[in-house]
Amino acid sequence: MVAGAARCGGGRKQLSESSEDEVLAVLRASMGRRVLGVGSLGCLGVFLLYFGFSQASGSLLGQGFLIIAGAASIWLADTMRRATAHAVELTRRGLSSTDGEAIATFDEIEAVDRSIFAFKPSNGFLVRLKVKKARRWRPGLWWRYGRRVGVGGVTSASQAKAMSEIIAVLLFEQKK
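For the structure given in this document, a descriptive report is provided here. The structure displayed is predicted, hence computed values, not measured ones.

A few words on the overall build of the chain. From N to C terminus, the chain includes 3 helices and 9 strands. A buried classification covers 42% of the 176 residues belonging to the chain. With the model as given, the accessible surface of the chain reaches about 10,100 Å², and the carbon-plus-sulfur share is 60%.

Encoded structure:
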């Protein structure tokens, strides 16, 4: 779809006229970034565990910290692996994950921010909501904290840009 209109039959159709369940954009984790992110966290965890268990002359507090940090890093790598197996979809209803979790309905979205100074994930964008929602985090894919939703991370920058532009067009059409 081109931002603003889609070719349908022989005429032009506005995005606001599309079916509510039609997927307008999909944001997936790119395989290279996914492997690099999960692999880096996993290797860090293995190294921290190795150093935590191999330092016989080190302090017990230091060893405990290294072991806990290593286990947390491996847990985070597995969490990222599971989260990035899914994708974020944009429909007329709003943003949702392919595992069925609703991230934000379109009625809750106030604005989208793609600026360089926005507190957003790498290769992503920030969505500001009208109401606070429960905190959620899918490492490498999206997070939600209060009235802000960050979408991106180990995702494709071009897919994220297209999705954010479609959201901006839908918000503009909704205000008309």
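After that view, the rundown keeps rolling.
Turning our attention to the packing of aromatic side chains. All told, the structure shown has 2 aromatic pairs when counted by the stated rule. Over the ring of Phe 106 we find Arg 92; its NZ or CZ atom is 5.8 Å from the centre of that ring.

So, on to the nonpolar core. Grouped together as the largest cluster of nonpolar side chains are 24 residues, with contacts concentrated most on Val 88, Leu 95, Met 163 and Ile 167. At the level of secondary structure, the elements contributing two or more residues to this core comprise β3 (25–28), β4 (87–90), β6 (102–105), β7 (109–113), β8 (125–138), β9 (142–151) and α3 (157–175). Looking at which element gives the most residues to this core, the answer is α3, with 6 residues. Discounting residues that sit within four places of it in the chain, Ile 167 has contacts with Leu 90, Leu 95, Phe 106, Ile 109, Val 112 and Phe 125.

Throughout the structure, instances matching the rule amount to 6 salt bridges. Where Arg 82 meets Asp 78, a salt bridge forms, and the shortest distance between an N and an O atom there is 3.0 Å. Of this pair, Arg 82 and Asp 78 both sit in helix α2 (residues 60–83), 4 residues apart, which is roughly one turn of that helix. Look at Arg 82 and you get partly exposed, because its relative accessible area is 43%. A salt bridge links Glu 101 to Arg 138, with the shortest nitrogen-to-oxygen separation between them at 2.9 Å.

One open sheet accounts for 4 strands, arranged β3-β4-β5-β6; its pairing is antiparallel. Looking at the sheet topology across the chains shown, the edges are occupied by β3 and β6. Shown here is a sheet whose adjacent strand axes are inclined to one another by a mean of 15°, direction ignored. Where β4 and strand β5 (residues 94–97) come together, 3 bridges link them in antiparallel fashion. If you follow Leu 90 over to β5, its bridge partner there is Leu 95. Along the sheet, α3 makes contact with β3, β4 and β5, crossing β3 at roughly 145°.

What follows covers the environment of Gly 94. Locating Gly 94 in the fold gives a position in strand β5. Each C-alpha atom of the pair Gly 94 and Ile 109 lies 8.2 Å from the other, and the pair is 15 residues apart in sequence. If we skip the residues at most four places from it in the chain, Gly 94 touches Glu 89, Ala 104, Thr 105 and Phe 106.

Rules behind the numbers
Residues numbered from 1 in each chain as written. Predicted model: local features only at pLDDT ≥ 70, side-chain atom pairs only at ≥ 80, totals over all residues. Heavy atoms only, no water. Helix = DSSP H or I, 4+ residues; strand = E, 2+ residues; numbered from the N terminus. Buried < 20%, exposed > 50% of the residue type's maximum accessible area, 1.4 Å probe, protein only. Areas by Shrake-Rupley, 256 points an atom, 1.4 Å probe, with all protein chains shown as cover. Phe/Tyr/Trp six-rings, centres within 6.5 Å; stacked < 30°, edge-to-face > 60°. Lys NZ or Arg CZ within 6 Å of the ring centre and 35° of its normal. Core = buried A, V, L, I, M, F, W, Y, C linked by side-chain atoms within 4.5 Å. Contact = heavy atoms within 4.5 Å. Salt bridge = Lys/Arg side-chain N within 4 Å of Asp/Glu carboxyl O. Pairing = 2+ DSSP bridges. Axes fitted to C-alpha atoms, helices over the stretch in contact; angles between N-to-C directions.

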